Amino acid sequence: MRTHGLYTFAIYSISKMKLLWFPFILIWTVVTAQNTVGLTSYQASKTQEGYNLIYPHNQSATYLINNCGEVVHAWEDEPNFVPGNAVYLLDNGNLVRCKRPMTSAVNDPIWAGGAGEIVELRNWNNELLANFVLNDSMHRLHHDVAPMPNGHILMIAWEAKSMEEAIKAGRNPDLLDQKKLWTEVIYEWDPVQDSIVWE
């Protein structure tokens, strides 16, 4: 196969120019790119005005993002904490976040999907205002909470019952394969007084 010398030179020159421009194009793309979290595409006609609060699974930070996926605000945390599993932004800008240590499943007496351990109240500047911890041999916070208009927080938790307690309450013993039963309990926590006011 024969090629004309000028044609070969022109291809070589264009290829060389592409290689020279590639680093500049790459740098320009990185510099002008927006910092986005959790957004792969955006269709304005299918969205509403406002922000989105996300608490990515197996990550410690909570993000407030706009509809383009740009971070408007973030509440950072220690890297050894993960969602456990709900998060709420209150009207006053405070954050209610459920979390647990990343390793809390190891040797825990109560463990199942959605397990929590800590409910915390943080202000806009990420300062801890209050926190509630529940994870022992008899009780463990579950996956969700409900902030109330009076400032209290309803929390759902597992409560361990022995085989004897469960049978006495009417449970079929054939359905107690773990020799115990986890029922549920709801607590109303007052973060200001740091006390359970109702269950």
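It should be emphasised that the depicted structure is a prediction, and the values quoted were computed from it without experimental measurement.

About the criteria used
Residues numbered from 1 in each chain as written. Predicted model: local features only at pLDDT ≥ 70, side-chain atom pairs only at ≥ 80, totals over all residues. Heavy atoms only, no water. Pairing = 2+ DSSP bridges. Helix = DSSP H or I, 4+ residues; strand = E, 2+ residues; numbered from the N terminus. Axes fitted to C-alpha atoms, helices over the stretch in contact; angles between N-to-C directions. pLDDT = per-residue confidence, 0-100. Contact = heavy atoms within 4.5 Å. Core = buried A, V, L, I, M, F, W, Y, C linked by side-chain atoms within 4.5 Å. Buried < 20%, exposed > 50% of the residue type's maximum accessible area, 1.4 Å probe, protein only. Salt bridge = Lys/Arg side-chain N within 4 Å of Asp/Glu carboxyl O.

Side note on the sheet that holds strand β10 (residues 180–190)
Thinking step 1. Overall, antiparallel pairing links the 4 strands, which are arranged β8-β9-β10-β11 in an open sheet. Of all strands in the sheet, those with a lone pairing partner are β8 (139–147) and β11 (195–198), marking the two edges. Between one strand and the next, the sheet's axes are offset by a mean angle of 45°, whatever the strand orientation.
Thinking step 2. In terms of strand pairing, β10 meets β11 through 3 bridges, oriented antiparallel. Paired with glutamate 188 across the two strands is tryptophan 198, which belongs to β11.

Details of the confidence of the model for the protein
Thinking step 1. In the predicted model, the protein carries a mean pLDDT of 83, and the fraction of residues at 70 or more is 79%.
Thinking step 2. The low-confidence segment residues 6–15, where pLDDT is below 50, has 1 contact with residues more than four positions distant or belonging to other chains.
Thinking step 3. Predicted confidence is poor over residues 28–32, with pLDDT under 50, and the contacts of this stretch with residues over four places away or in other chains come to 0 contacts.

A closer look at the nonpolar core
Thinking step 1. Membership of the largest hydrophobic core comes to 16 residues, with the highest contact counts inside it found for Val119, Leu141, Val145, Ile153, Met155 and Trp189.
Thinking step 2. If you list the elements that add at least two residues to this core, you get β5 (95–101), β6 (118–122), β7 (128–133), β8, β9 (153–162) and β10.
Thinking step 3. Of all hydrophobic cores here, the second largest spans 5 residues; its members include Tyr55, Trp75, Val87 and Leu95.

Let's talk about the pattern of salt bridges
Thinking step 1. For the structure on display, the rule yields 6 salt bridges.
Thinking step 2. The salt bridge partner of lysine 99 is glutamate 120, with a shortest N-O separation of 3.1 Å. Placement of the pair is lysine 99 in strand β5 and glutamate 120 in strand β6, with a sequence separation of 21 residues. You'll find lysine 99 and glutamate 120 in the same group, each marked buried.
Thinking step 3. Ionic pairing is found between glutamate 120 and arginine 122, a salt bridge with its closest N-O pair at 2.8 Å. Here the two residues glutamate 120 and arginine 122 agree in accessibility, since each one is buried.

A few points about the sheet that holds strand β3 (residues 71–75)
Thinking step 1. With respect to topology, 3 strands assemble into an open sheet ordered β1-β2-β3, the strand pairing being antiparallel. The open sheet has two edge strands with one neighbour each: β1 (52–54) and β3. Averaged over all adjacent pairs, the angle separating strand axes in this sheet is 15°, with direction ignored.

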